[in-house]
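Spelled out, the chains give:
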Amino acid sequence: MTISPDLLKRIILDQKNGSSWPKNYMHRTVETTLNRLSLNEEIIVLSGIRRCGKSVLLEHIRRVSTNGNNYYFNFEDERLVNFGAEDFEVLHQTFVSLYGVQKNFYLDEIQNIPSWELFVRRMYNTGYKIYITGSNANLFSEELGTRLTGRYISLHIYPISFAEFSQYDIPLKQVDFNTIEIGTLKQLYSNYLEWGGIPAYLMNHDMEYLHSLYESILYRDIITRYKVGNPEAIKKLLFYLASHCGKEVTLSKLLGMINNNGKIIKSTTTISDYCSYIENSLMCFFVNRYDDNIKAQQQAPKKIYFVDHVLAKILGFRTSEDRGRTLENIVFIELKRRGYDIFYYSGAKECDFIVREGYQTQQVIQACIELYDPSTKARELSGLIEAMDTFSLSEGLIITENEERDESVVVHGKKYHIIIQPIWKWLRNIDN
């Protein structure tokens, strides 16, 4: 039985009346790309963790592209619990009856509906411009890859970046700063360190909001979607991962942690599945150690980073503030936002980030709070230089909280150029 047109009409009108522009809307750097892509015929896919700003971006596109009478529909509405593939046709007819023939579809959180990609492909083939959002990486990659190959452009949306957060105090195009501006940027970074980038939390600073976000992701995007029969095990796993953000983890270590008070999970295969579910929810990322041998790469320990450093902080356990691991997490997410493939390096020494684009290593990066301590500087330099040698690079980058200078280092007669840059400045280099 299909959903009644009257119900769909009521939902459409409710959603239209309920879509309000945020009082303190923060412009996103991705808007420039979205405005350009609006002129193309391809389907635009916005994916990202829940409440990272996808729906607001969709609203922005609607406001700049149309007169407001367009085909917008949010599939998160609880009244759509029985919505099936056959209801898309009724939805389309209801839109036409309300607004006449329009040229754009805006479909929010569409991954909730089975076979959604068939409807989207049919609308695309008949000439509609379509924008869709979703909060699950695996579902999107499978359905887009099988049904919509060559018809879409995918953009991953992350929480608010420091560049976006600081743009109203100091313009993004500005690259040189006076004393007051440097002090302002340092204070803004301190605030960003405390508040993170989840849009609503940046506005309300209500810790319960982040707990609510976690619960929503845990139950809706992980436990319910994948029919997890052992919710307590996956909660323990998330707690451990958040507590070890920026550190190496192995499946056997994760299994031992979950089973430390009794055998809850039988095998590392289940742990691997759980990690995939968590990563598909876009809450965190597992980073491979770089190795030319793919098998060795897959078997090596992974490093874990969260999509938002404050979300990781409230989910896990820390014995101290550990600004170093938080800084490292912020650097990682910014590299992801810039579209790079990222690995870590572990040989005789270690390097935090191997930054690759296609088949080429573009950069090697260390992230640490400061280099004033001689032993810290020696450790960071030795790992960076070993990685530079491995990838035949003459230049390396160390990101700190506040230090800025260039150094030339000579080791065994070979000269290396080391750039040391404060994170509050590096994060604003959005063209890098």
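**Here's the deal with the state of the cysteines**
Going through the model one piece at a time under the given rule, you end up with zero disulfides. Just so you know, Cys-284 is unpaired, no disulfide at all, and the nearest cysteine sulfur is the one on Cys-275, 7.6 Å from it. Overall, Cys-284 belongs to the buried group, its relative accessible area being 0%. The thiol of Cys-351 is not disulfide-bonded; the next cysteine sulfur, from Cys-368, is found 11 Å away. With relative accessibility at 1%, the residue Cys-351 sits in the buried group.

**Notes on the packing of aromatic side chains**
By the definition in use, this model includes 30 aromatic pairs. When the centroid spacing of 6.4 Å and the interplanar angle of 65° are considered together, the rings of Phe-177 and Trp-424 count as edge-to-face. Of this pair, Phe-177 sits in the loop between α7 (162–166) and α8 (179–195) while Trp-424 is found in helix α18 (residues 423–426), placing the two residues 247 residues apart along the sequence. The buried category is assigned to Trp-424, whose relative accessible area is 4%. Against the face of Tyr-131 rests Lys-129, its NZ or CZ located 5.6 Å from the ring centre. A cation sits over an aromatic face here: Arg-338 above Trp-426, 4.3 Å from the ring centre.

**What about the nonpolar core?**
Core analysis: the biggest nonpolar cluster contains 95 residues, and Met-283, Phe-306 and Phe-353 have the highest contact counts within it. Looking at this core, the element that brings in the most residues is helix α10 (residues 207–223), giving eight residues. Those residues in contact with Phe-353 that lie beyond four places of it in its chain are Tyr-305, Glu-328, Val-331, Phe-332, Leu-335, Ile-342, Phe-343, Gln-363, Val-364, Ile-365 and Ala-367. Core analysis: the second largest hydrophobic core is formed by 31 residues, Ile-12, Ile-113, Met-123 and Tyr-128 among them.

**A word on the sheet that holds strand β9 (residues 341–346)**
Hydrogen bonds between backbone atoms are what pair the strands of a sheet, whose relative direction is either parallel or antiparallel. Sheet architecture is open: six strands sit in the order β9-β10-β11-β12-β14-β13, paired in mixed fashion. This sheet does not close on itself; its edge strands, each paired only once, are β9 and β13 (405–411). The sheet shows a mean angle of 30° between the axes of neighbouring strands, direction not considered. Sheet strands in contact with helix α16 (residues 323–337) are β9, β10 (350–357), β11 (360–367) and β12 (395–400), and its direction is about 10° off that of β10.

**Regarding the pattern of salt bridges**
Going through the model one piece at a time under the given rule, you end up with 24 salt bridges. Here Arg-325 makes a salt bridge to Asp-322, at a shortest N to O gap of 3.1 Å. When its relative accessible area of 14% is taken as the criterion, Arg-325 is described as buried. By relative accessible area, which is 25% here, Asp-322 ends up partly exposed. Look at the salt bridges and you will find they share partners, linking Arg-50, Glu-76, Arg-220, Asp-221 and Arg-225 into a network.

Parameters at a glance
- Residues numbered from 1 in each chain as written.
- Predicted model: local features only at pLDDT ≥ 70, side-chain atom pairs only at ≥ 80, totals over all residues.
- Heavy atoms only, no water.
- Disulfide = S-S within 2.5 Å.
- Buried < 20%, exposed > 50% of the residue type's maximum accessible area, 1.4 Å probe, protein only.
- Phe/Tyr/Trp six-rings, centres within 6.5 Å; stacked < 30°, edge-to-face > 60°.
- Helix = DSSP H or I, 4+ residues; strand = E, 2+ residues; numbered from the N terminus.
- Lys NZ or Arg CZ within 6 Å of the ring centre and 35° of its normal.
- Core = buried A, V, L, I, M, F, W, Y, C linked by side-chain atoms within 4.5 Å.
- Contact = heavy atoms within 4.5 Å.
- Pairing = 2+ DSSP bridges.
- Axes fitted to C-alpha atoms, helices over the stretch in contact; angles between N-to-C directions.
- Salt bridge = Lys/Arg side-chain N within 4 Å of Asp/Glu carboxyl O.

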